[in-house]
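Coordinates in review
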Protein chains: 2
Amino acid sequence: MQKVIDAVGPHFDQYVADLKEFLEQPSVSTREETAADVAACADWLAGHLRSSGFTMAEVVATDRHPIVRAEHIVSPDLPTILAYGHYDVQPAEPLEKWTTPPFEPAIRDGNIYARGAVDDKGQMMMIVKAVEAHAQAQTPLPVNIRAIFEGEEEIGSPSLEPFIRDHRDWLTGDALLVCDTALPERNTPAITVALRGMSYLQVDLRAGRRDMHSGAYGGAAVNVLHVLGDIISRLHDEDGRVTIPGFYDNANDVDESVRKEIARLDYDEDKWREASGGAVARPESGYTVPEVTRIRPCIDVNGVWGGYTGDGAKTVIPYEAHVKLSARLVNHQDPIEIYEKIKAWVEEQVPAGLDVSISLLGTGKPVEVPSDSPPMQAARRAMHDSFGSEPLMLRGSGSIPVVAMFADNLKTDTILMGFGLNSDGIHAPDECFGLDRYRLGIETAIRFLHHCADLKSGV
Amino acid sequence: MQKVIDAVGPHFDQYVADLKEFLEQPSVSTREETAADVAACADWLAGHLRSSGFTMAEVVATDRHPIVRAEHIVSPDLPTILAYGHYDVQPAEPLEKWTTPPFEPAIRDGNIYARGAVDDKGQMMMIVKAVEAHAQAQTPLPVNIRAIFEGEEEIGSPSLEPFIRDHRDWLTGDALLVCDTALPERNTPAITVALRGMSYLQVDLRAGRRDMHSGAYGGAAVNVLHVLGDIISRLHDEDGRVTIPGFYDNANDVDESVRKEIARLDYDEDKWREASGGAVARPESGYTVPEVTRIRPCIDVNGVWGGYTGDGAKTVIPYEAHVKLSARLVNHQDPIEIYEKIKAWVEEQVPAGLDVSISLLGTGKPVEVPSDSPPMQAARRAMHDSFGSEPLMLRGSGSIPVVAMFADNLKTDTILMGFGLNSDGIHAPDECFGLDRYRLGIETAIRFLHHCADLKSGV
């Protein structure tokens, strides 16, 4: 194992150059018009996997963006580790807020800046480079590897479940490694043992057929933007609790030991604010900031638009208004049930005579993984070796809907071992990944694979 | 006079063709990038005025969009009528909502459809064609005419007051005719005796320096879109009254006779809804729809934007949010004082730690004009002749800030004689003007000029 880790240093510049090439691909999955860019990125990735030591890598077409699958099979007698990552990225807008262009990766102060740097291209590549380091060290892999890299994670992974169904035999393994989560601090090792789920909705309001003049109708006609304001304002009470009936059903069974584990985090509001880029803390009443993002569900509005938004003044009462909003879910909250509760509640807020249409844009179930399984023991050892201290077993605040999907479809323990930081600005301008963490992630992945060699199983 | 009115019929097709040419000019004043289009429209207009019987017409440069001034002086012994109109138009967005393109005038079912059809190019041209009809009838004008057509009405007329100051002597007259208001119904003659004032503001909210991931920060950080919702929602109470302290100061002296005059209107909610394009009525508690738009002040949100507004889902908590809003004012409400009250109130709604910046985008004072002055008598006679019944003397719901400016600067009675309808869709897609009203407006303007011949004054 040490021989493989020793190979990382001499090749690390090349690993960074490869990541840069990967980050140059504008693989934004959200928009129809960039589908060709996503496909081009898949082709690049499959080629790169073949040249990095995988014995097979292929692009699998789906209804929308392709999945890249790859494997390196050493022996049917060895355990098989599945790996998941995604090569698609969030839109990069607002472009003018980036210090350097989002698809022209730039290194500053030890970080690489680009859309996807940490979410998830940089973290995905840690697994790829862990495999490649074995070839470079002329050391056989201690396990078999099968990797799935999808291009639809940022749009809710619609093609993944059919893919899993079609490749059920191929997807047999002893653990699933996912590198798409964050550390609480740069020097605090942690493994994520839960993820929040998600329901993402769009609300479209309409009053009549065309905009009205605000002089002729001001004060007399229902203004959809006032209705939009009412809906948003009524979502929460003064304690920051969601007011939608039944929202907290199946979300209240917080274990005191979980709160104690979270309390071990070295939380400092100033540091938290700085890492976020200036967020103002206002957690739900009765919970700390670290608690609220890990064990509590919430609803946030993600976008609004309606009426005149150009320069200057236009005296209009618009007839259309739009809201995007999403709920983060915990424990046993079901995304579809939550969607239905939000939908029913929003419909009740809309005055008679207006049209409202509510659509579901994405879902993901909340996830919890066992913290004492054999692969988790391997991950804990790997993290301990890399950081010199025992990792925290932490609930995460984000959502990776595919993890729930894998849990539902595969009989495999999932290991959420990520090296992001909140200050990396994922989904935001100037997203970045520390090159020190990229290297540590590669080394930790190598250690994980070796500690997995004892797992009892085969292909 | 009849000879001039008789000349309208044979030339009406040409008057429509001229209006079409005028409407083809995309003279949107709001945006810097269309300044050349506005200037081109001013040049076209000055040329058209010269060929329509005006003895002088010139383009006067200002700091932004030019003013076109013109005159036809018959004799220093005759009264002089000032006329005001505006050749600039509102932006045409959303373009996809137009049946035919906004700057390609189209005639359907007796209406001409184009941006500016009724506000104000079509109505402005009624005055121009009333002058031209005299030349065509080989009949001398019974009065002198001086006309001011500005290109900044839709952006608050910043250059008009300096222009008035620089042309004070030239602007001496016995009445000021403004054709930029509406009839309550197609067959109900009315003259507008009051206009609502306006304060138009933009609110820019900011929390921190960059967007945040809604997983990592959801439930813990202040979401500016929630603050936006709170501000909008708190603007009004359940009775539809504005909650801003002091908002109704100087606005409450409604005369019972005014409410009686409004009650004479043949208001029907279904017809009102149809004319608006589908508005849902919800007037301030204690007032009818026709009352609320004529005698009550109000606040409406005109536009909102913030966060992700593209296709699909983006899990972001934005750091910026924006609101455009405007107040309509009555009686003695002062637009600057109202702006300051709104500003102070909005600032109080914003949680500590957020930045808020509030800017004033336009103002106009409320206006009332005497309903029994000699020029008003001339206007009443003209309307009576055209419609066969006595016109209502109505308070209007819109704002024409320049009318207050003229009242402050010129010692002249203003006559607000307009032929629009609420169903014309001003400031909205498919704005239109009925050709029957265009013609009736020309004929009424001719009658008005002749009834003004008795006014005692000279150049």
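**A short note on the relation of the copies chain A and chain B**
Screw-axis analysis of chain A against chain B gives a translation of 0.0 Å along the axis, an RMSD of 0.1 Å, and a rotation angle of 180°. Here the symmetry operator amounts to a two-fold rotation axis. By residue overlap, the copies meet face to face through one surface: 100% of the interface positions of chain A are interface positions in chain B.

**Examining the sheet that holds strand 4 (residues 106–108) of chain B**
Residues and elements named next belong to chain B. What the 3 strands build is an open sheet, ordered 4-5-18; its pairing is antiparallel. At either end of the open sheet lies a strand with only one pairing partner, and these are strand 4 and strand 18 (432–434). Each neighbouring strand pair of the sheet contributes to a mean axis angle of 25°, computed without reference to strand direction. When strand 4 meets strand 5 (residues 111–113), the two strands line up antiparallel, connected through 3 bridges. Bridging from a neighbouring strand, Arg108 pairs with Asn111 of strand 5.

**Concerning the packing of aromatic side chains**
Residues and elements named next belong to chain A. The tally for this structure, following the rule as stated, stands at 14 aromatic pairs over all chains. Relative to Tyr248, the ring of Phe247 has its centre 5.2 Å away and its plane inclined at 85°; by these criteria the two rings are edge-to-face. By the burial criterion, Phe247 is buried, and Tyr248 matches it. Three or more aromatic residues link up through ring pairs in this structure, and these residues are Phe12, Phe433 and Tyr438.

**A closer look at the interface of chain A and chain B**
Taken together, the 93 residues of chain A in the interface contact 93 residues of chain B. For the pair chain A and chain B, the summed buried area comes to about 7,600 Å², and 51% of that belongs to carbon and sulfur atoms. Note that Lys97(A) and Glu320(B) form a salt bridge whose closest N and O atoms lie 3.6 Å from each other. Counting the contacts that link chain A with chain B gives 52 residue pairs in polar contact (both at pLDDT 80 or more). No other element matches strand 11 (residues 298–307) of chain A, which puts 10 residues into the side of chain A that touches chain B.

**Examining helix 1 (residues 2–23) of chain B**
Residue and element names in this part refer to chain B. Along its 22 residues, helix 1 runs 29 Å from first to last C-alpha, staying within 8% of the 32 Å computed at 1.5 Å per residue. At His11, helix 1 is deflected by roughly 65°, the largest bend along its length. Against the buried residues of helix 1 lie helix 2 (35–51), strand 4, strand 5, helix 3 (121–136) and helix 13 (435–451).

**Regarding the pairing of strand 6 (residues 144–150) of chain A**
Residue and element names in this part refer to chain A. Counting buried positions along strand 6 gives 7 out of 7 residues, so the element sits mostly inside the fold. The two faces of strand 6 match: Asn144, Arg146, Ile148 and Glu150 on one face and Ile145, Ala147 and Phe149 on the other face are all buried. Relative to strand 6, strand 2 (residues 67–72) is paired through 5 bridges, and the arrangement is antiparallel. Of the residues in strand 6, the one forming a bridge with Arg69 is Ile148. Relative to strand 6, strand 3 (residues 80–86) runs parallel, the two sharing 7 bridges.

**Digging into the confidence of the model for chain A**
For chain A, per-residue confidence averages 94 on the pLDDT scale, and 99% of positions sit at 70 or higher. In the predicted complex, the global pTM is 0.84; the interface-specific ipTM is 0.84.

**A word on the packing of helix 3 of chain B against helix 13 of chain B**
Helix packing for two helices is described by the angle between their axes and how far apart those axes are. Residue and element names in this part refer to chain B. Their axes nearest at 8 Å, the elements helix 3 and helix 13 cross at an angle of 55°. Considering the angle they form, helix 3 stands oblique to helix 13. The chirality of how helix 3 crosses helix 13 is right-handed. Where helix 3 approaches helix 13, its residues Gly122, Met125, Met126, Lys129, Ala130, Ala133 and His134 are matched on the opposing element by Arg437, Tyr438, Gly441, Ile442, Ala445, Ile446, Leu449 and His450. Partitioned by chemical class, the residues of the contact of helix 3 with helix 13 number 9 nonpolar, 4 polar and 2 charged.

About the thresholds
- Residues numbered from 1 in each chain as written.
- Chains lettered and ligands numbered in written order.
- Predicted model: local features only at pLDDT ≥ 70, side-chain atom pairs only at ≥ 80, totals over all residues.
- Heavy atoms only, no water.
- Least-squares fit on C-alpha atoms with pLDDT ≥ 70 in both.
- Contact = heavy atoms within 4.5 Å.
- Pairing = 2+ DSSP bridges.
- Helix = DSSP H or I, 4+ residues; strand = E, 2+ residues; numbered from the N terminus.
- Axes fitted to C-alpha atoms, helices over the stretch in contact; angles between N-to-C directions.
- Phe/Tyr/Trp six-rings, centres within 6.5 Å; stacked < 30°, edge-to-face > 60°.
- Buried < 20%, exposed > 50% of the residue type's maximum accessible area, 1.4 Å probe, protein only.
- Buried area = accessible area lost by both parts, 1.4 Å probe.
- Salt bridge = Lys/Arg side-chain N within 4 Å of Asp/Glu carboxyl O.
- Polar contact = N/O pair within 3.5 Å; in protein donor to acceptor, adjacent residues only side chain to side chain.
- Expected span 1.5 Å × (residues − 1).
- Bend = angle between axes of the 7 residues up to and from the residue.
- pLDDT = per-residue confidence, 0-100.
- Parallel < 35°, antiparallel > 145°, perpendicular 65-115°, else oblique.
- Left-handed = near helix turned anticlockwise from the far one by under 90°.
- Nonpolar A, V, L, I, M, F, W, Y, C, P; charged D, E, K, R; others polar.

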